[in-house]
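Results of the structural survey
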Amino acid sequence: LIFVSFQTVCRQLNSTLWLNVGGRSIHSSAVCCKNRAARIRVGKGDRPVTYEQALHPHQIAHRKGWLSQHTSNLQGEDGAADRTVEDLFIRRLIYGTFHGCLADELVIKRRGNLLVICALMLQKLPPHKYYFLVGYTEELLSHFYKCPVKMEIQMLEEKSVYKYL
Amino acid sequence: MDDLRDPTERAYIQNYSIYFCVRPQKLYSLAQESGRTAAKYFINTYPKYFQKDFANPHIPCLMPETLELQVNEVSEAALIERIQLRKVKAAVDMYDQLLQAGTPVSLDLTNDLLDLISLYGDCDPARGDAPEQRTEEMVSLTLTSNNNAERIFNMMPERNRRSYGALIRGMVKHGAYSKAFNTYTDLLNNRLTGDVHIFNALISAAPEVREKYVEKWDLIVDLLKQMAEQKVKPTLLTFNAVLKALRRCGSLGRTQAFPVINEMKALGIATSAQGHTEILQDVLSEISGKSFTAQDPDDGIIKTQIHTFLLFTDSLCDIEQAYRVHSLLGVGENWKLLGDSYYQSIYYGRFFNLLCMMEHIDVVLKWYKELIPSLYYPNSQGMRDLLQALDTDNRLDLIPQIWKDIKRMGHDNKTELVEEMLSLMARENQIPEVQQSFADCALDVKALYTQTDRRVPLSWSAGSLSSITSILLAAERTQQAWEMLKLFKLANRVPESLMNQFLESVKASNNAQQAVELVQISASFCLSITPNLMERVQQEFDLTEEQRNTLSDLESSTAMSD
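Residues numbered from 1 in each chain as written. Chains lettered and ligands numbered in written order. Predicted model: local features only at pLDDT ≥ 70, side-chain atom pairs only at ≥ 80, totals over all residues. Heavy atoms only, no water.

Our working definition: UniProt positions are given in the numbering used here, feature names are shortened, and annotations may be inferred rather than shown by experiment.
Identification of chain B as Small ribosomal subunit protein mS39 from Pygocentrus nattereri is taken from an unreviewed UniProt entry. UniProt, in its Subcellular location (unreviewed entry) section for chain B, records the words "Mitochondrion". Regarding chain B, the relevant UniProt record gives this comment under Sequence similarities (unreviewed entry): "Belongs to the mitochondrion-specific ribosomal protein mS39 family."

Chain A appears in an unreviewed UniProt entry as Mitochondrial ribosomal protein S24 from Pygocentrus nattereri. Under the heading Subcellular location (unreviewed entry), UniProt records this for chain A: "Mitochondrion". Under the Sequence similarities (unreviewed entry) heading, UniProt states for chain A: "Belongs to the universal ribosomal protein uS3 family."

Right, dumping it as structure tokens:
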């Protein structure tokens, strides 16, 4: 599965903080075949793995839900690529902002104009720091994407392990 | 966007933070606000990353603000831009440059500039998203601050009422009161009439330029007369200014307040809550059902008004009035008048206090469930009021539940509260189930006292120890009660009143050995009741030889020490 971004998306990427390539070009990431993507291989049995990680992508809609929920994949709706790129940006931003505190993948939901980011966090920082970071991310993302952004976080004591692979 | 945020927004991170106390909650909301300002700082400092406009229709509040000057050549447009961006010094410089270059500046623009200078007192306002700066040095700038304003004013070829207005209001705002009155006389000399803003400013400045209460009031009346002559209609702000000034007039002010309020009603001015400083019942009947809007910028002080209401109702112990005040808060936008969390806690504290004093326990509990913890976290005084109310209405069986709440709210380190609760539980014997629940509660408290990992460990007092022991005895948990006696020794306290109770329980179990031990313990504490105890034990119990010997030894040793 080769992830390729098209010209309109290139222009968007050009305006992001971490890619300032001028002009139009094809941008591609490294190849990851579909029989290896998002699959954790069975190992010695000492590696803890969450439910999300343990189930492979063919289990989506069977035993897994979706991590990103929006309506642009319905018939007649457009903007799916834009939503995907936005999701990636948001995931990287939050991974860096709350570094080491995320217990599991983010779930991003879009309701109308509103962007809801649902995160499971570990109790690594004192609570007032979490509130600071949440206020910061919400404001930054709202101004960046010109839509209201809300974060809903839940705290866990430790990562919930589903099995050991 | 800020005003439309959910007013009931509270700390939401579940299962982690102890959000039952007021102070962490305030900390969290402040932390969130500072996160937002940090983000705004980045957005406004690097606006080029946030220019892409996805929103259709355009949302202006989500675009970065332009804080830098664009127009740089000497022109009127540059001056307009600087005034809009509130850059006072740059605006004054640009005005001077314009005058030097010989371009005439229009009267309106000059008036705008004067307004700007008067409002900010000659220094640039602090950037909204920059960290808080101390504003103490601003206060000392009062008398010199209007030099620029006065200078520009004097340079103006023609001045109209608006120019005078700007100057007077600036002077009043920054404390140059007598200068303001001089400027007003100047205005009159130039055959101009004042407008409502000038008069409002002068009325609020009036108490400062006269000494005695009577003189102050006379000056205000004089100003009002002049207003009438110049056919200027008073507004809400005028009356608020009058009432505020009356506050400084002491007792004379109070008598004059009533006719002022009547005037207001006669003129049909929609009342702002600021106006009702010292009046009580008739006001309440007037304002019930109407919604206040915070029109006066000083309505920040109105929070104290709500509390003065409650204060008066407190002192009159009038629960009906309190309910009416509380229902007022539900009308329209009045909830905003309650202020920030500090004032809210004062308000709800007083309200709850009044409830506990005046109402039946069922009503109190109903309000308790409603208010706590969603609206109000009672301090330890509030909890004591609640305990009192429980006591008055004989619902002491609810104490264990209240204890759980006390623990959750973090009041379990308040020794007076805990001791009062224990003494209430220990006072009388209850029915068996209640007694058992009391015993569980007492053991919980004991665990709290003996915890060694607390920051400030609770110290035992004779009262708390005896309360817990008597509760345990009444619940027939004799083993634990005996362990308590050991604690007495450790804490260096003396179990005076408990010995008889112990003897009763020992008799019930008919344990002669324990009885002898009891006497030994009593002797070790050198209690005065020891000989009495000894006699009773010897009479009421069947003692073995050994036990009789021990007792007689004790008797002789105590007799010797007497």
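Back to the text.
Quick notes on the side chain of Gln-226 of chain B
All names here are of chain B. Selection rule: Here a strand is any run of E in DSSP of at least two residues, a helix any run of H or I of at least four, and the numbering for each starts at the N terminus. Between buried and exposed lies partly exposed: a residue is buried under 20% and exposed over 50% of the maximum accessible area for its type, with that area taken using a 1.4 Å probe on protein chains only. Each polar contact in these results corresponds to two N or O atoms within 3.5 Å; when the atoms are within protein, one needs to be able to donate a hydrogen and the other to accept it, and residues that are neighboring in sequence are counted only if both atoms are side-chain atoms. By definition in these notes, contact holds between two residues if any of their heavy atoms fall within 4.5 Å.
By the secondary structure assignment, Gln-226 is in helix H10 (residues 213-229). The buried category is assigned to Gln-226, whose relative accessible area is 17%. A distance of 2.4 Å separates the side chain of Gln-226 from the side chain of Tyr-184, its partner in a polar contact. When residues no more than four places from it in sequence are discounted, the contact partners of Gln-226 are Tyr-184, Leu-188 and Phe-199.

Notes on a negative patch on the surface
Residues and elements named next belong to chain B. To keep things clear, this is the line we draw: Patches were defined on residues exceeding 30% relative accessible area and lacking a salt bridge, with like-charge contacts within 9 Å and nonpolar side-chain contacts (Val, Leu, Ile, Met, Phe, Trp, Tyr) within 5 Å. The accessible surface values rely on the Shrake-Rupley method and a 1.4 Å probe; as for residues, cover is taken only from the protein chains in view. Note on definitions: salt bridges are taken to be side-chain nitrogens of Lys or Arg within 4 Å of carboxyl oxygens of Asp or Glu. The charged-residue count follows a simple rule in which Lys and Arg add positive charge and Asp and Glu add negative charge, with His and chain termini not counted at all. Lys charges are placed at NZ, Arg charges at CZ, Asp charges at CG and Glu charges at CD.
Together, Glu-211, Glu-215, Asp-218, Asp-222 and Glu-229 make up a region of like negative charge exposed at the surface. Positionally, Asp-218 belongs in helix H10. In this structure Asp-218 comes out as partly exposed when scored by relative accessible area, which is 45%.

Looking at the packing of helix H24 (residues 498-509) of chain B against helix H26 (residues 530-540) of chain B
Residue and element names in this part refer to chain B. Using the following cut-off: Fitted lines through C-alpha atoms give the axes, limited to the stretch in contact for helices. The angle between two N-to-C directions lies from 0 to 180 degrees. Angular relationships are summarised with four words: roughly parallel below 35 degrees, roughly antiparallel beyond 145, roughly perpendicular across 65 to 115, and oblique for the angles in between. Under the grouping applied here, Gly and all other residues not named as nonpolar or charged are polar, the nonpolar ones being Ala, Val, Leu, Ile, Met, Phe, Trp, Tyr, Cys and Pro and the charged ones Asp, Glu, Lys and Arg.
Look at H24 against H26: their axes get within 12 Å of each other, and the N-to-C directions meet at 10 degrees. Taken together, the axes of H24 and H26 lie roughly parallel to each other. Residue-level inspection shows Met-499, Asn-500, Leu-503, Glu-504 and Lys-507 of H24 in contact with H26, the latter providing Leu-533, Arg-536, Val-537 and Glu-540. Considered class by class, the residues forming the contact of H24 with H26 number four nonpolar, one polar and four charged.

Some remarks on the nonpolar core
Residues and elements named next belong to chain B. Under the convention used in this document: Among buried residues, those of type Ala, Val, Leu, Ile, Met, Phe, Trp, Tyr and Cys that are joined through side-chain atoms within 4.5 Å constitute a nonpolar core.
Membership of the largest hydrophobic core comes to 77 residues, with the highest contact counts inside it found for Phe-352, Ile-399 and Met-421. Ranked by residues supplied to this core, first place goes to helix H21 (residues 432-450) with eight residues. Ignoring anything within four residues of it in the chain, the contact list for Met-421 reads Leu-387, Ile-399, Trp-403, Ile-406, Cys-441 and Val-445. Core analysis: the next-biggest nonpolar cluster, separate from the first, contains 47 residues, Val-88, Leu-116, Ile-168 and Ala-241 among them.

Remarks on the pairing of strand E6 (residues 114-122) of chain A
Residues and elements named next belong to chain A. What counts here: We treat two strands as partners when DSSP finds at least two bridges between them.
Counted residue by residue, E6 has seven buried out of nine residues, so it is predominantly covered. The pairing of strand E5 (residues 107-111) with E6 spans five bridges and is classified as antiparallel. The residue bridging Arg-110 from the neighbouring strand is Leu-115, located in E6. With antiparallel pairing between neighbouring strands as the criterion, E5 and E6 make up a hairpin whose turn holds two residues, including Gly-112 at a positive phi of roughly 65 degrees. Alignment of E6 against strand E7 (residues 149-156), held across eight bridges, turns out to be parallel.

Let's talk about the sheet that holds E5 of chain A
Residue and element names in this part refer to chain A. One open sheet accounts for four strands, arranged E4-E5-E6-E7; its pairing is mixed. The open sheet has two edge strands, strand E4 (68-69) and E7, and neither has a second partner. Across the sheet, helix H3 (residues 80-97) is in contact with E4, E5, E6 and E7; its angle to E5 comes to roughly 135 degrees.

Concerning the confidence of the model for chain B
All names here are of chain B. Definition in use: Per residue, pLDDT captures the predictor's confidence, and it can take any value from 0 to 100.
The predicted model of chain B has a mean per-residue pLDDT of 72, with 71% of residues at 70 or higher. Confidence, read as mean pLDDT per element, is least for helix H13 (residues 281-287) in chain B (40) and greatest for helix H1 (residues 22-45) (86). Contacts for the low-pLDDT stretch residues 15-19, under 50 throughout, to residues beyond four places or in other chains number 14 contacts. Between residues 269-304, whose pLDDT stays under 50, and residues either more than four places distant or in other chains, the model counts 84 contacts. Across the assembled chains, the prediction reports ipTM 0.80 with pTM 0.61.

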